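Here is how the chains run, residue by residue.
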Amino acid sequence: MSRRVDLAVVGGGISGLAAAWEGMRRGADVAVLEAGGRPGGKLGSSPIAGIDLDEGADAFLARVPEAVDLCDELGLGGDLVSPATGTAYVWIDGALRQLPSDQLLGVPTDLDTVAAAGILSPSGIERARADLTLPDDRPAGDESVGGLVRRRLGDEVLDRMVAPLLGGIWAGDCDDLSLRVAAPTLAVAREREVSLVRGAAAVRAEAMDAAAAAADRPVFLAPRGGMTRLVDALAERLGDRLRCGAPVTAIEPEGTSWRLTIGESGGGPDASLTADRVVVATPAFVTAPLLADLADLADLAPEAAAFAGSVDYASVVLVALAVPSDGIDRPLDGSGFLVPPSSGRLLTACSWVTSKWAHLAVDEGVAILRASAGRAGDERPLALPDDQLVGALLSDLRDTMGVRAAPTDVRVSRWTRSFPQPRPGHLEALAAAEATLVRRSGRLAVTGAWTLGVGIPACIRGARAAAARVLAVT
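Predicted model, so just to flag it, every value in this text is computed and none were measured.

Analysis parameters
Residues numbered from 1 in each chain as written. Predicted model: local features only at pLDDT ≥ 70, side-chain atom pairs only at ≥ 80, totals over all residues. Heavy atoms only, no water. Helix = DSSP H or I, 4+ residues; strand = E, 2+ residues; numbered from the N terminus. Buried < 20%, exposed > 50% of the residue type's maximum accessible area, 1.4 Å probe, protein only. Axes fitted to C-alpha atoms, helices over the stretch in contact; angles between N-to-C directions. Left-handed = near helix turned anticlockwise from the far one by under 90°. Contact = heavy atoms within 4.5 Å. Nonpolar A, V, L, I, M, F, W, Y, C, P; charged D, E, K, R; others polar. Parallel < 35°, antiparallel > 145°, perpendicular 65-115°, else oblique. Salt bridge = Lys/Arg side-chain N within 4 Å of Asp/Glu carboxyl O. Phe/Tyr/Trp six-rings, centres within 6.5 Å; stacked < 30°, edge-to-face > 60°. Lys NZ or Arg CZ within 6 Å of the ring centre and 35° of its normal. Core = buried A, V, L, I, M, F, W, Y, C linked by side-chain atoms within 4.5 Å. Pairing = 2+ DSSP bridges. Patch = residues over 30% accessible without salt bridge, like charges linked within 9 Å, V, L, I, M, F, W, Y side chains within 5 Å. Areas by Shrake-Rupley, 256 points an atom, 1.4 Å probe, with all protein chains shown as cover.

1. Quick word on the environment of Asp387
In step 1: On the secondary structure map, Asp387 appears in helix α15 (residues 386-401).
In step 2: For Asp387, a relative accessible area of 60% gives the class exposed.
In step 3: Remark: the alpha-carbon pair of Asp387 and Val410, spanning 23 residues in sequence, is separated by 10.0 Å.

Printed below as a string of C-alpha cells:
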C-alpha cells in the first residue's frame, strides 16, 4: 500500500522523534519509519533489582536549552530531577582520587588544586604550568582534542584528566576526535586565550556566572523514571504516525517528491510511502547506502553519501549490577569514577547509580552500579560472552573500589557501533555535504548523532533544524 505525507522521517531514535515533533508543530502531516521493534534508539530502559533503569544515556545537559525545552513542550518539565551529587573520582596510581571541580572537560583551571588532588605527578604539574608561558601556537581551523591538550599541557593531563572524561563521553580516542565537535567549549577556550588554562578558566567562570543567574538550573537533568519517559511522550504524541518494524530500504525521487520503499518485518511484501520532504535520521552507516543509491539513481549528492560512509563508530557495553551494599569496601560518596585508557583495564567507568539518583526506589541494602567497557580501538568487551565479561568487570571493580560481594542481579546492554567518532574538520565536511544536498534538492536532509554530536540536546537541535529546513522549501 502507499500513502502520501508532507514529511517522512527515516529513523525513530531521539533525532527522528524530535524531527517529527518539529514537523507536527509546524502543521505537517508526518510519518516516522523505524526499523526496530521500538522507538528511542539508544534511549531505553529495562528492569534490574525491581526498577526500570536506563540502558543508554541517563541524563542530558541542562544548561543548553534544547532538551529542557522539548521536555517542557511535552509536559515533562515539572518532573525533571537532577543528580544528588556532582562529586566524581578518577582511578590514578592504584587509588580513586577526587576529580577537582576546577576543570573544564578535564582541562585544569587551577593547577594548585589539581596538584593537591594527587591526580598529576610533580613533573606533570610542571609541564602543565608551561602552558602559561608557551608562545602562541594555535593552528587555523579545527584540530584534535589530543593535539591541543598535548601541545599546551602535556601527555599526563590528557591521559589522566581529559581522556577519561571526554574520551568517556564519546567512547573515543582524543587524538582522533574533532575539537569543535567533541569539545566545543575547549575550542572557545583556545580562541579566547593563548594559554589553554587561562582560556578554560575564563569559559568556566562565564558558565558559573550563568549558572548563578539561573540558580535553579543544575548541570544535568533527566525525567523522573528515566529517559524512556521522553521517548514515550514523543511516541504518544505521534500516535499512529510512528511505525516500528518498518525499515526503509530505498528512497527514490518521484518528481519533486520522494518514494520510500519499506521492507516489512517478517519478510512480508514491501510497502511504500510518498513524501514531499524527507529527513533521514539514521546512523551514518545506514544513511550512507541510502544516499549512495540516490546518487546512482539521480546523481544526487554522491559527496554526501561518501562523507556519511567515512564516519567511524565505536562500540560499548554497559553492565548494570545489583550488589549488596555491605559487600563494597568504600563509601559510594559520589556519582562514580573514571578509568584512564592507559590503565589497560577493561573497565572505562563506573556509575554509582543509587548514589547518583536519590529518587530511585531501591532497597537500601542494595547498591546498583553501572560499569562501562569498550572504546574506539578496544573491541575486547564485544568479543567476550556475557559471563566472562561480567567476571572481568567484577575483577576490575574489586581492584578499583573494593566490590567483594557477588551481584544479586545483572543486566548486560551491548551497543555495537553506537558512538560516532568525528575527526578534525568534521563540521566543515558536514557543511559541504549538506550544501550538495541543498543544491540538488532542499527537500531532503540528514541528521543524527553523527552530524553535530552524541549529546541528547545536540541531537534534538540538529533534528529540529533539519525538519524546519526541509519544510521551509516551497
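Read on, since the account is not over.
2. Side note on the packing of helix α5 (residues 145-153) against helix α6 (residues 155-170)
In step 1: Across the interface, α5 lies against α6 with an axial gap of 8 Å and an inter-helix angle of 145°. Of the two elements, α5 crosses α6, and the hand of that crossing is right-handed. Residue-level inspection shows Val145, Gly146, Val149, Arg150 and Leu153 of α5 in contact with α6, the latter providing Asp155, Val157, Leu158, Val162 and Leu166.
In step 2: For the contact of α5 with α6, the residue count by class is 7 nonpolar, 1 polar and 2 charged.

3. Quick look at the packing of helix α2 (residues 65-73) against helix α18 (residues 456-471)
In step 1: Packing of α2 against α18 brings their axes to within 7 Å, and their N-to-C directions diverge by 70°. One element, α2, and the other, α18, form an angle in the roughly perpendicular class. When α2 is examined against α18, the residues Glu66, Ala67, Leu70 and Glu73 are found in contact with a partner set consisting of Ile456, Pro457, Ile460, Arg461 and Arg464.
In step 2: Here the contact of α2 with α18 is built from residues that sort into 5 nonpolar, no polar and 4 charged.

4. Quick word on the side chain of Ser372
In step 1: Residue placement: Ser372 occurs in strand β19 (residues 366-373).
In step 2: On the basis of relative accessible area, Ser372 is assigned to the buried category, the value being 18%.
In step 3: Residues contacting Ser372, with those up to four places away along its chain left out, are Val317, Leu318, Leu346, Leu347, Thr348, Ala349 and Leu393.

5. Some words on the pattern of salt bridges
In step 1: Summed over the entire model, instances satisfying the criterion amount to 35 salt bridges.
In step 2: In this structure, Arg464 and Glu22 form a salt bridge, with 2.7 Å as the shortest nitrogen-oxygen distance. Pair noted here: Arg464 is in helix α18 and Glu22 is in helix α1 (residues 14-25), with a separation of 442 residues, a long-range link. Residues Arg464 and Glu22 agree in their burial class; the two are buried.
In step 3: Put simply, Asp131, Asp137, Glu143, Arg151, Arg152, Arg190 and Glu191 are held in one network by salt bridges that share partners.

6. Looking at the packing of aromatic side chains
In step 1: Per the stated rule, a full pass over the model turns up 4 aromatic pairs.
In step 2: Residues Phe285 and Tyr313 carry aromatic rings whose centres are separated by 4.9 Å and whose planes lie at 75° to one another, so their mutual orientation is edge-to-face. Of this pair, Phe285 sits in helix α11 (residues 284-298) while Tyr313 sits in strand β16 (residues 312-324); the two residues are 28 residues apart in sequence, bridging distant segments of the chain.
In step 3: Connected via pairs of aromatic rings, a cluster forms that spans Tyr89, Phe337 and Trp352.
In step 4: One cation-aromatic arrangement involves Arg330 over Tyr89; the distance from NZ or CZ to the ring centre is 4.8 Å.
In step 5: Taking NZ or CZ as reference, Arg417 lies 3.8 Å from the ring centre of Phe285, over its face.

7. A few points about the nonpolar core
In step 1: By size, the foremost hydrophobic cluster in this structure holds 54 residues, and its most contacted members are Phe60 and Leu230.
In step 2: Once residues within four sequence positions are removed from consideration, Leu230 is found in contact with Ile14, Leu70, Cys71, Leu74, Leu76 and Pro223.
In step 3: Grouped together as the second largest cluster of nonpolar side chains are 38 residues, Leu104, Leu120, Leu177 and Leu179 included.

8. Let's talk about the pairing of strand β13 (residues 248-254)
In step 1: Here β13 runs beside strand β14 (residues 257-262); their pairing, made up of 6 bridges, is antiparallel. Following the sheet pairing, Pro253 is matched in β14 by Trp258.

9. A closer look at a nonpolar patch on the surface
In step 1: Judged by side-chain polarity, Leu61, Val64, Val219 and Phe220 come together as a nonpolar surface patch covering roughly 290 Å² of accessible area.
In step 2: The residue Val219 is located in the loop between α9 (196-213) and β11 (220-223) in this model.

10. Let's talk about the sheet that holds strand β8 (residues 95-98)
In step 1: Strand order in this open sheet of 7 strands is β8-β7-β17-β18-β19-β16-β20, and the pairing throughout is mixed. Lying at the two open borders of the sheet, with one neighbouring strand each, are β8 and β20 (409-421). Averaged over all pairs of adjacent strands, the angle between strand axes in this sheet comes to 25°, irrespective of strand direction.
In step 2: Direction of pairing for strand β7 (residues 88-92) relative to strand β17 (residues 336-338): parallel, over a ladder of 3 bridges. By the bridge assignment for β17, Val90 is matched with Leu338.

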